[in-house]
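# Report on the structure
One letter stands for each residue in the lines below.
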Amino acid sequence: SSDVCSSDLNPFPDTIGCYGTGRLCYGADTLTLCNASAGGVWSTSDPAVIAMLNPTTGRITPAAPFLNDTTATIRYTLLGCSVTKTLTVSAGPTNISGPSVMCEGTTVTLTATPASGVWADGSGDFTVGATTGVVFANAGSGGRVGVVVYSIGSCSLTKSITINPTPTAIAGGPALCVGNTVTF
């Protein structure tokens, strides 16, 4: 047969699998590819998109943030025969900045890179401005650790914020005269 890769001597490797949606989010993801035909080598012709591709395990790390989604081709070669898979690397968020502790009933402002995403409450503890990053700790949330989610497309990052309970009101007399003491 003229097709060396389909002969009994060189079986064509199985399709590339274990890649889920075939989408990676820069800054948050790594992905491990798999192939049922053991012994092959993983490679990419897109090193500007894929920073690290372990040739033995198929573990991938995206290279750098992109302004838009971009694609990379991954190849699995076994005995001179190859299969390929195109993956999408998305321009996901890379950083969330802001306080990690706040008080119940107060507001903080978070910022993220890049600034083109959408904010959301991830735990039911906050009211969040979707485009502003303004986070309000709802009544009853004190004593918990809440989660805020920042998303760009299908990629997201989370930030945990410890919510301290509101202190009880100060009790005691409304007036203090010179020479007297008051216990609160």
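Above: the structure in question.
For every chain, the first residue of the written sequence is number 1, and numbering continues from 1 along that sequence. The predicted nature of this model means local features are confined to residues of pLDDT at least 70 and side-chain atom pairs, given and counted, to a pLDDT of 80 or more, with totals for whole chains, interfaces and linings taken over all residues. Side-chain measures here rest on the full set of heavy atoms in the structure, leaving out hydrogens and waters.

Let us now look at the overall build of the protein. A run of DSSP states H or I qualifies as a helix once it reaches four residues; a run of E qualifies as a strand once it reaches two. Both are numbered from the N-terminal end. Assigned secondary structure in the protein consists of zero helices and 16 strands. Taken across its 184 residues, the protein has 33% of its residues classed as buried. The contact definition used throughout considers only heavy atoms, calling two residues in contact when any of these lie within 4.5 Å. Restricting the contact set of the protein to residue pairs at least 6 apart, pairs at least 24 apart contribute 51%. Computed by Shrake-Rupley with a 1.4 Å probe, the accessible areas treat only the displayed protein chains as cover when residues are assessed. Surface accessibility of the protein: about 10,200 Å² in total, with carbon and sulfur atoms responsible for 56%. For every residue, the accessible area (1.4 Å probe, protein chains only) is compared with the maximum for its type, and the residue is labelled buried under 20%, exposed over 50%, or partly exposed between those bounds.

One ladder, built from four bridges, connects strand β12 (residues 118-121) with strand β15 (residues 144-152); its direction is antiparallel. Its bridge partner being in β15, Asp-121 is matched across the sheet by Val-148. Any two strands are treated as partners once DSSP identifies two or more bridges connecting them. Two elements, β15 and strand β16 (residues 155-164), share nine bridges in a ladder whose sense is antiparallel. Bridging across to β16, Val-148 finds its partner in Lys-159.

The pairing test for Phe, Tyr and Trp rings, Trp by its six-membered ring, is centres within 6.5 Å, and the orientation test on the planes gives stacked under 30 degrees, edge-to-face over 60, and tilted for anything in between. Enumeration over the complete set of coordinates arrives at two aromatic pairs. With 4.5 Å between their ring centres and 55° between their planes, Trp-42 and Tyr-76 make a pair best called tilted. Note that Trp-42 is positioned in strand β3 (residues 41-44) and Tyr-76 in strand β6 (residues 70-78), a separation of 34 residues in sequence. Summarising the burial analysis for this pair, Trp-42 and Tyr-76 share the class buried. Ring geometry for Trp-119 and Tyr-150: centres 4.4 Å apart, planes at 45°, overall tilted. Here the residue Trp-119 occupies a position in strand β12, and Tyr-150 occupies one in strand β15, the gap between them amounting to 31 residues. Classification of Trp-119 by relative accessible area gives buried; the value is 6%.

Keep in mind that these numbers describe shape and distance, not what the molecule does.
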